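Tertiary structure, described
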Amino acid sequence: TGVLSTRKLPHALRWLGFMLGAHSLETVDWRKGLRQPYVTQVEFLKIVQDHTDAGLELMRRVFRGLAVQNGEGPMRVSKLPAALKLLNHCYLGDYQAWLQSNMPEMWLQKGSAAFDFHHFRQIVTGCRTLARERLRRNCGFLDEEV
């Protein structure tokens with residue numbers, strides 16, 4: 001019928017990789033403005049876009065808070081665990097493996113390497129993908145919930 005129950009909406013968002021609740025600082029009030037106990041496909045896509053925008057804004061704030069030159073310069077790799085913990089503590093177990101396989105030059109340099117916002121976004125997106133894949137393998141549950 002092209003609609004999704006609002007009871008199932010958080011599960012759909014989680015399935016897409018938006019970790020809701022205590023695992024993430026990313027918050028979007030998707031219930032605001034809803035009058036029905038369901039959302040249409042267009043409303044669902046708008047909610048997903050709102051979560052995507054909120055996630056990007058949160059990434060920008062975290063990067064600016066930890067990068068050199070008051071956020072205008074690059075961020076050191078040594079600050080990456082703190083940044084990922086602020087974004088979503090579930091990413092802490094994934095970033096080393098993701099860096100090793102996708103950015104080996106940065107992984108090999110360890111604490112002396114630095115990266116710009118574009119690379120930071122790539123790393124966070126890679127960690128989100130790994131967390132989402134793990135969530136799907138566990139039938140919608142995080143490792144600590146299994």
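Described below are features of the structure shown in this document. Residues take numbers from 1 onward in each chain, read along the sequence in its written order. Local features in a predicted model are, by the rule used here, given only for residues with pLDDT of at least 70; side-chain atom pairs are given and counted only at 80 or more, and totals for whole chains, interfaces and linings are based on all residues. To obtain the side-chain values, all non-hydrogen atoms of the structure were included, while hydrogens and water were left out.

**Overview of the nonpolar core**
Note the cut-off: To qualify as a nonpolar core, a set must consist of buried Ala, Val, Leu, Ile, Met, Phe, Trp, Tyr and Cys residues joined through side-chain atoms within 4.5 Å. The cut-offs for exposure are 20% and 50% of the maximum accessible area for each residue type, with area from a 1.4 Å probe on protein chains only; residues under the lower value are buried, those over the upper are exposed, and the others partly exposed. Note on conventions: DSSP H or I runs of at least 4 residues are helices, E runs of at least 2 residues are strands, and numbering of each starts at the N terminus. Whether two residues are in contact is decided by their heavy atoms: any pair within 4.5 Å suffices.
Counting 25 residues, the largest nonpolar core has Phe115, Phe120 and Ile123 as the members making the most contacts within it. When residues of this core are traced back to their parent elements, those giving at least two are helix 2 (41-66), helix 3 (80-87), helix 4 (95-102) and helix 6 (117-137). The contact partners of Phe120, leaving out residues within four places of it in the chain, are Met59, Val62, Phe63, Met75, Leu80, Ala83, Leu87 and Phe115. With 8 residues, the next largest nonpolar core counts Trp30, Val39, Phe44 and Ile47 among its residues.

**Observations regarding the environment of Asp50**
Relative to the helices and strands, Asp50 resides in helix 2. Using a relative accessible area of 26% as the deciding quantity, one classes Asp50 as partly exposed. Put simply, Asp50 and Trp30 are 20 residues apart on the chain and 8.3 Å apart in space, counted from C-alpha to C-alpha.

**Here we look at the environment of Met103**
Counting through the fold element by element, Met103 comes out in the loop between helix 4 and helix 5 (104-109). Since its relative accessible area comes to 4%, Met103 is described here as buried. Taking the C-alpha atoms as reference points, Met103 and Ile123, 20 residues apart in sequence, are found 8.9 Å from one another. Excluding residues within four positions of it along the chain, Met103 makes contact with Trp98, His119, Gln122 and Ile123.

**Concerning the layout of surface pockets**
Stated formally: Buried and open spaces are told apart on a 1 Å grid over the protein atoms alone, a cavity being a set of points where a 1.4 Å probe fits but cannot get out and a pocket being an open set with protein on both sides within 12 Å along at least five of seven lines. Residues with an atom within 4 Å of a point are the lining residues. Grid points are joined across faces, edges and corners, and a volume is the space filled by probe spheres set on the points. Under this grouping Gly is polar, as are all residues other than the nonpolar Ala, Val, Leu, Ile, Met, Phe, Trp, Tyr, Cys and Pro and the charged Asp, Glu, Lys and Arg.
Approximately 190 Å³ is the volume attributed to the largest pocket. In this structure, the largest pocket is lined by Val28, Asp29, Trp30, Lys32, Gly33, Leu34, Glu43, Lys46, Ile47 and Asp50. Across the lining of the largest pocket, the residue classes tally to 4 nonpolar, 1 polar and 5 charged.

**What to know about the pattern of salt bridges**
To keep things clear, this is the line we draw: We define a salt bridge as a contact between a side-chain nitrogen of Lys or Arg and a carboxyl oxygen of Asp or Glu at a distance within 4 Å.
As enumerated under the stated definition, the model contains 3 salt bridges in all. In this structure, Asp50 engages Lys46 in a salt bridge whose closest nitrogen and oxygen atoms are separated by 2.7 Å. Pair noted here: Asp50 and Lys46 are both in helix 2, with a separation of 4 residues, about one helical turn. One salt bridge connects Asp94 with Arg134, and the closest N-O pair in it is separated by 2.9 Å. Taken together, the positions of Asp94 in the loop between helix 3 and helix 4 and Arg134 in helix 6 put the pair 40 residues apart, joining distant regions of the chain. Take Asp94: its relative accessible area is 8%, and that puts it in the buried class.

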